Structures are given as C-alpha cells and as structure tokens.
Amino acid sequence: MGATGYRGLQVWQKAMDLLVASYELACKLPAYERYALTSQLRRAAVSVPANIAEGNGRAHRGDYVHHISIARGSLLELETYIEIASRLNYATEEELIEIRDLADHVSRMLNRLTISLKR
C-alpha cells in the first residue's frame, strides 16, 4: 500500500483499459442518452480505477478492502449499463465482446486482491 504504488497494480491498469473501452462505448450511444445512460456509464467506469487508487493510498488495510468493495460495486453497475446498451440495441454483441471481457477480467482481479488483502 502506498500513495504512488497504485499505478503499478495490474488491476488498476486493466480498470483503466476498461475505462477507455467504456468511453468508446459511450461515444456510440445516441445523443439523447447524453445526460442519462452515457453519463451514468462514464461515472461508473471512472469509479472503478479511482477507488482502487484511493484504497491503495489509505493507511489501513480495512480501508483498502472497503474501497476495493466500492470499486467492485461500480464495476457491477457498469456491467448493468453495458447490458442496458445491449438490450436497447445501442451496440452489437460483437462491439460489446471486448468490454465484457475486460469487465470480467477486472472482476476476477478485484476478487483476488480482496482475498489477498484479507489474509
């Protein structure tokens, strides 16, 4: 745990990749979703790496675990917005493969990080 160490975390790096993919998806959404789904999708995507970084900077392990939990919640929120975009036919299944794979990868990494922090 360190204030500058979060950039070296693979989970933070993957979460940043997910953020970029989420912003790319957001650009494909209709203009009338700008203040609704687009905004919510972007906020959830930003929250994942931001909470990983914030937790890493905390002095106590319990605080770190708490922020990883928040990141996980934001990730599930993001996955829900991706599903909404899919069900509303704002993106094709082919367009969503990468972002879903990244979200799944980040989810598994967050779970492993949580387990390692609780030891």
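This text gives an overview of the structure that appears in the document.

The rules behind each value
- Residues numbered from 1 in each chain as written.
- Predicted model: local features only at pLDDT ≥ 70, side-chain atom pairs only at ≥ 80, totals over all residues.
- Heavy atoms only, no water.
- Helix = DSSP H or I, 4+ residues; strand = E, 2+ residues; numbered from the N terminus.
- Rg over C-alpha atoms; globule rule 2.2 N^0.38 Å.
- Axes fitted to C-alpha atoms, helices over the stretch in contact; angles between N-to-C directions.
- Parallel < 35°, antiparallel > 145°, perpendicular 65-115°, else oblique.
- Left-handed = near helix turned anticlockwise from the far one by under 90°.
- Contact = heavy atoms within 4.5 Å.
- Nonpolar A, V, L, I, M, F, W, Y, C, P; charged D, E, K, R; others polar.
- Expected span 1.5 Å × (residues − 1).
- Buried < 20%, exposed > 50% of the residue type's maximum accessible area, 1.4 Å probe, protein only.
- Polar contact = N/O pair within 3.5 Å; in protein donor to acceptor, adjacent residues only side chain to side chain.
- Core = buried A, V, L, I, M, F, W, Y, C linked by side-chain atoms within 4.5 Å.

1. Things to note about the overall build of the chain
- Summing up its helical and strand segments, the chain has four helices and zero strands in all.
- Secondary structure elements of the chain occur, N-terminal to C-terminal, as α-α-α-α.
- What you see for the chain is a C-alpha radius of gyration of 15 Å, in line with the 14 Å of a compact globule of 119 residues.
- Reported as C-alpha extents along the three principal axes, the dimensions of the chain are approximately 45 × 25 × 20 Å.

2. Some words on the packing of helix α2 (residues 37-57) against helix α3 (residues 61-87)
- In the contact formed by α2 and α3, the axes pass within 8 Å of each other and the chain directions differ by 160°. Relative to α3, α2 is oriented roughly antiparallel. With respect to the hand of their crossing, α2 and α3 are arranged in left-handed fashion. Between α2 and α3, the contacting residues are L37, Q40, L41, A44, A45, S47, V48, N51, I52, E54, G55 and N56 on the first element and Y64, H67, I68, I70, A71, S74, L75, E77, L78, Y81, I84 and A85 on the second.
- Among the residues forming the contact of α2 with α3, the class breakdown is 15 nonpolar, seven polar and two charged.

3. Some remarks on helix α4 (residues 93-118)
- Look at α4: 37 Å from first C-alpha to last across 26 residues, which is about the 38 Å you get at 1.5 Å a residue.
- Residues of α4 that are buried include every one of L96, I99, L102, A103, V106, S107, M109, L110, L113, T114 and L117, and no others.
- Summarising the contacts, the buried residues of α4 are in contact with α1 (10-28), α2 and α3.

4. Describing the side chain of S47
- Tracing the backbone through its elements, the reader meets S47 in helix α2.
- Separated by 2.7 Å, the side chains of S47 and S74 make a polar contact.

5. Some points on unusual backbone geometry
- With a phi angle near 60°, N89 is a residue other than glycine that sits in the positive phi range.
- Within the secondary structure, N89 is located in the loop between α3 and α4.

6. Remarks on the nonpolar core
- Grouped together as the largest cluster of nonpolar side chains are 36 residues, with contacts concentrated most on L18, I52 and L110.
- For this core, the secondary structure elements donating two or more residues are α1, α2, α3 and α4.
- What I52 contacts, discounting residues up to four positions off in sequence, is L9, V11, W12, A15, Y64, I68, A71 and L110.

7. As for the packing of α1 against α2
- Contact geometry for α1 and α2: axes closest at 9 Å, N-to-C directions at 170°. When the axis of α1 is compared with that of α2, the two are roughly antiparallel. Contacts between α1 and α2 pair V11, W12, A15, M16, L19, S22, Y23, L25, A26 and C27 from the former with T38, L41, R42, A45, V46, V48, P49, I52 and A53 from the latter.
- A breakdown of the residues in the contact of α1 with α2 according to their chemical character gives 16 nonpolar, two polar and one charged.

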